[in-house]
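For reference, the chains in residue letters:
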Amino acid sequence: MATELLSIGYVIPLTQNVVFALPSRRVLMFSDASVTPTFQQSSLQAFTTSTTITLANGQAELAGGFIRVTTTTPGNIILKAMS
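To keep things clear, this report deals only with the structure shown in the data block. Per chain, residues are indexed from 1 in the order of the written sequence. With the structure being a predicted model, the display of local features is reserved for residues of pLDDT at least 70 and the display and counting of side-chain atom pairs for 80 or more, all residues being used for whole-chain, interface and lining totals. Water and hydrogen atoms play no part in the side-chain values, which are based on all heavy atoms of the structure.

1. Thoughts on the overall build of the chain
Logical step 1: A count of helices and strands for the chain gives 0 helices and 9 strands.
Logical step 2: Order of helices (α) and strands (β) in the chain, N terminus to C terminus: β-β-β-β-β-β-β-β-β.
Logical step 3: In terms of C-alpha radius of gyration, the chain reaches 11 Å, essentially the compact-globule figure of 12 Å for 83 residues.
Logical step 4: With respect to the three principal axes, the spread of C-alpha positions in the chain is 30 × 30 × 20 Å.
Logical step 5: With a 1.4 Å probe rolled over the protein chains alone, any residue whose accessible area is under 20% of its type maximum counts as buried; one over 50% counts as exposed, and the rest are partly exposed. Of all 83 residues assigned to the chain, the portion counted as buried reaches 34%.
Logical step 6: The criterion used for residue contact is that any of the two residues' heavy atoms lie within 4.5 Å. Taking all contacts inside the chain whose residues are at least 6 apart in sequence as the whole, residues at least 24 apart take part in 69%.
Logical step 7: Note on areas: Shrake-Rupley, 1.4 Å probe, and residue coverage restricted to the protein chains presented here. When the accessible surface of the chain is split by element, carbon and sulfur atoms take 53% of a total near 4,800 Å². Strands here are runs of E lasting at least two residues and helices are runs of H or I lasting at least four, both read from the DSSP assignment and numbered beginning at the N terminus. Every radius of gyration here is taken over C-alpha atoms, with the globule rule written as 2.2 Å times N^0.38, N being the number of residues.

2. Focus: the pairing of strand β7 (residues 59-63)
Logical step 1: The two faces of β7 differ: A60 and L62 on one face are buried, but Q59, E61 and A63 on the other face are not.
Logical step 2: Any two strands between which DSSP finds at least two bridges are classified as paired. Looking at chain direction, strand β4 (residues 26-31) and β7 are connected through 5 bridges and run antiparallel. Residue pairing across strands places M29 opposite A60, the latter belonging to β7.

3. Thoughts on a nonpolar patch on the surface
Logical step 1: Two joining distances apply to patches: 9 Å for like charges and 5 Å for nonpolar side chains (Val, Leu, Ile, Met, Phe, Trp, Tyr), and every residue must have over 30% relative accessible area and no salt bridge. Whenever Lys or Arg places a side-chain nitrogen within 4 Å of a carboxyl oxygen from Asp or Glu, that contact is recorded as a salt bridge. Taken together, the side chains of V11, F30 and I78 present a nonpolar region at the surface, about 230 Å² in accessible area.
Logical step 2: Judged by its relative accessible area of 47%, V11 falls in the partly exposed class.

4. A short note on the sheet that holds strand β9 (residues 76-81)
Logical step 1: Ordered by their spatial adjacency, 4 strands build an open sheet running β2-β9-β4-β7, and the pairing between neighbours is antiparallel. Every other strand in the sheet has two partners, leaving β2 (12-13) and β7 as the edge strands with one partner each.
Logical step 2: Summarising the sheet, β4 and β9 pair through 5 bridges and their orientation is antiparallel. Each bridged residue has a counterpart across the sheet, and for M29 the counterpart in β9 is L79.

5. Here's the deal with the environment of T38
Logical step 1: For T38, the location among the structural elements is in the loop between β4 and β5 (39-42).
Logical step 2: Classification of T38 as partly exposed rests on a relative accessible area of 29%.
Logical step 3: Once the C-alpha coordinates of T38 and L55 are considered, the two residues, 17 residues apart in sequence, prove to be 9.2 Å apart.

As structure tokens, then:
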């Protein structure tokens, strides 16, 4: 299965344990989930190593690589371009 490349500027529903490719530039991710989901980021598509994304006010700054959500109620995200 091909990895979906996420785009900037629209609402994206994430599915649990599905790997998505982030844009190749810095983005600000916003999650509207009422219960904080667990997001992970990795530079490897296989997620053999990864880092948990810490949200502050529902937001986190990301820079390339891959993302996935590991909780059962992932919610939606929006990516905003950063300079």
